[in-house]
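Notes for the structure review
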Amino acid sequence: MSKIALVTGGTRGIGAGISIALKQAGYKVAANYNSDSKTAEQFHAETGIPVFSWDVSNYESCEKGVAKVCEKMGGTIDVLVNNAGITRDSMLHKMDVSAWNKVICTNLNSVFNMTRLVISAMREKNFGRIINISSVNGLKGQVGQTNYSAAKAGIIGFTKALALESANKGITVNAIAPGYIATDMTNAIRDDIKEKITATIPMKRFGNVEEISNAVLFLADKKASFVTGVTLSVNGGQYL
Ligand code: CAA
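In short, a report on the structure.

What counts and how
- Residues numbered from 1 in each chain as written.
- Predicted model: local features only at pLDDT ≥ 70, side-chain atom pairs only at ≥ 80, totals over all residues.
- Heavy atoms only, no water.
- Helix = DSSP H or I, 4+ residues; strand = E, 2+ residues; numbered from the N terminus.
- Rg over C-alpha atoms; globule rule 2.2 N^0.38 Å.
- Buried < 20%, exposed > 50% of the residue type's maximum accessible area, 1.4 Å probe, protein only.
- Contact = heavy atoms within 4.5 Å.
- Areas by Shrake-Rupley, 256 points an atom, 1.4 Å probe, with all protein chains shown as cover.
- Lys, Arg positive; Asp, Glu negative; His and termini not counted.
- Charge placed at Lys NZ, Arg CZ, Asp CG, Glu CD.
- Polar contact = N/O pair within 3.5 Å; in protein donor to acceptor, adjacent residues only side chain to side chain.
- Salt bridge = Lys/Arg side-chain N within 4 Å of Asp/Glu carboxyl O.
- Near = heavy atom within 4 Å.
- Nonpolar A, V, L, I, M, F, W, Y, C, P; charged D, E, K, R; others polar.
- Core = buried A, V, L, I, M, F, W, Y, C linked by side-chain atoms within 4.5 Å.
- Pairing = 2+ DSSP bridges.
- Axes fitted to C-alpha atoms, helices over the stretch in contact; angles between N-to-C directions.

**Structural notes on the overall build of the protein**
Counting secondary structure elements, the protein contains nine helices and seven strands. Compactness check: the protein gives a C-alpha radius of gyration of 17 Å against a globular reference of 18 Å for 240 residues, within 12% of the reference. Along the first, second and third principal axes, the C-alpha set of the protein runs to 50 × 40 × 35 Å. The buried share of the protein, reckoned over its 240 residues, is 48%. Here the contacts in the protein between residues at least 6 apart in sequence split such that 70% fall between residues at least 24 apart. Counting only carbon and sulfur atoms, one obtains 54% of the accessible surface of the protein, whose full area is about 11,600 Å². Charge centroids of the protein, computed over 26 positive and 19 negative side chains, lie 4 Å from each other.

As structure tokens, this is what we get:
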């Protein structure tokens with residue numbers, strides 16, 4: 001029977017690529033999104049992947065969302081990809097409290113919210129895959145991203161701790177740390193800064209979405225059963 005995969009932020013950018021790749025690999029995929037229903041409907045029309053709207057930073061919304069997904073997909077979640085994330089870039093000396101809180105809630109608290117809601121069923125089944133999308137900037141820091149880097153580094157600590165808790169339950173918990181990937185998020189970076197960033201990447205280019213979804217497919221697969229607690233960098237060789 002096909003495994004059920006849920007991808008947060010799964011209708012745009014890296015998340016959309018992950019949802020499509022999982023579907024092509026035979027998973028029953030549900031894609032979560034927050035507010036951009038026009039893009040989500042278009043994504044659904046193009047891929048046939050069911051889309052579900054809720055705010056991953058809010059625990060009660062996640063509770064309702066996960067229940068709806070399980071009901072519609074006909075089972076509990078086997079593979080959770082915590083991908084949803086935003087940026088509110090600003091130098092710390094100019095950052096307002098809302099830019100800090102919004103990024104921590106959306107990028108880090110969401111990982112607790114979603115994982116807390118799927119982990120018990122995984123423990124009962126003795127199978128599960130939690131794949132958390134971190135970032136190169138959680139590993140090395142980035143100008144203008146104290147909030148984002150803190151959240152993405154927090155995800156790595158969460159991943160290691162939960163991997164230990166889950167090791168005897170058939171559940172693997174891993175992170176992927178993408179480098180700069182060509183999406184709307186990185187497209188928003190000023191051109192002069194993009195040039196500076198590209199110069200620091202040994203492969204001298206941004207990555208593409210497929211290069212991240214291939215890593216997700218590996219970690220989701222049964223064949224990765226002895227891989228847990230790791231952070232897999234997919235970043236064109238960026239020095240950490
Ligand atoms: N790499 C290297 N240097 C950078 C940099 C970067 N990513 N971002 C900013 N800088 C440098 C600027 O060139 C500038 O240097 P100088 O003082 O020598 O000129 C200095 O830092 C201050 O920057 P600004 O003058 O631009 O300051 P600002 O207040 O006008 O803007 C900012 C600050 C909004 C953070 C802007 O610099 C910016 O957008 N930077 C990009 C930050 C970034 O890389 N975000 C990643 C988004 S994609 C993502 O997050 C996905 C992922 O996981 C990789």
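**Overview of the side chain of T8**
By the secondary structure assignment, T8 is in the loop between strand 1 (4-7) and helix 1 (13-24). You can call T8 buried: its relative accessible area is 2%. A polar side-chain atom of T8 sits 2.9 Å from the main-chain amide nitrogen of N83. In contact with T8, not counting residues within four places along its chain, are N32, V56, V81, N82, N83, A84 and M114.

**Regarding the pattern of salt bridges**
This structure, assessed with the given rule, holds six salt bridges. The salt bridge partner of R12 is D184, with a shortest N-O separation of 3.9 Å. With a gap of 172 residues between them, R12 in the loop between strand 1 and helix 1 and D184 in helix 7 (residues 184-187) connect regions that are remote in the sequence. D184 gets classed as exposed once you look at its relative accessible area, which sits at 54%. K125 serves as the salt-bridge partner of D78, at 2.6 Å between the closest nitrogen and oxygen. Residue D78 is found in the loop between helix 3 (59-73) and strand 4 (79-82), and its partner K125 is found in helix 4 (residues 97-125); the two are separated by 47 residues along the sequence. Owing to a relative accessible area of 7%, D78 belongs among the buried residues under this scheme.

**So, the site of the ligand**
Residues in contact with the ligand amount to 20 residues; listed here are only the nearest, D89, K94, S135, Y148 and K196. Taking D89, its side chain carries an N or O atom lying 2.7 Å from a nitrogen atom of the ligand. Y148 places a side-chain nitrogen or oxygen 2.7 Å from an oxygen atom of the ligand. Notes on the ligand: free accessible area 990 Å², of which the protein chains cover 68%. Of all the secondary-structure elements, those providing two or more residues to the shell around the ligand are helix 7 and helix 8 (191-200). Counting residues per element, the shell around the ligand draws most heavily on helix 8, which supplies three residues. Residue composition of the shell around the ligand, by class: eight nonpolar, eight polar and four charged.

**Comments concerning the nonpolar core**
I18, L22, V81, I131 and I176 are the most contacted members of the largest nonpolar core, which has 27 residues in total. At six residues, helix 9 (residues 209-220) tops the list of elements feeding residues into this core. Membership of the second largest hydrophobic core comes to 23 residues, among which are I4, W54, C70 and I171.

**A word on the sheet that holds strand 4**
Strand pairing in a sheet is mediated by backbone hydrogen bonds. Such pairs are either parallel or antiparallel. The seven strands lie next to each other as 3-2-1-4-5-6-7, forming an open sheet whose pairing is parallel. The open sheet has two free edges, formed respectively by strand 3 (51-53) and strand 7 (231-234), since each of these has just one partner strand. With strand direction ignored, the average angle separating the axes of adjacent strands in the sheet is 20 degrees. Note: strand 1 against strand 4, three bridges, orientation parallel. In the sheet register, A5 faces strand 4, and the bridge partner there is V79. Contacts from helix 1 reach strand 1, strand 2 (28-33), strand 4, strand 5 (128-133) and strand 6 (171-178), with the element oriented near 170 degrees to strand 1. Helix 9 contacts strand 4, strand 5, strand 6 and strand 7 of the sheet and is inclined by roughly 165 degrees relative to strand 6.

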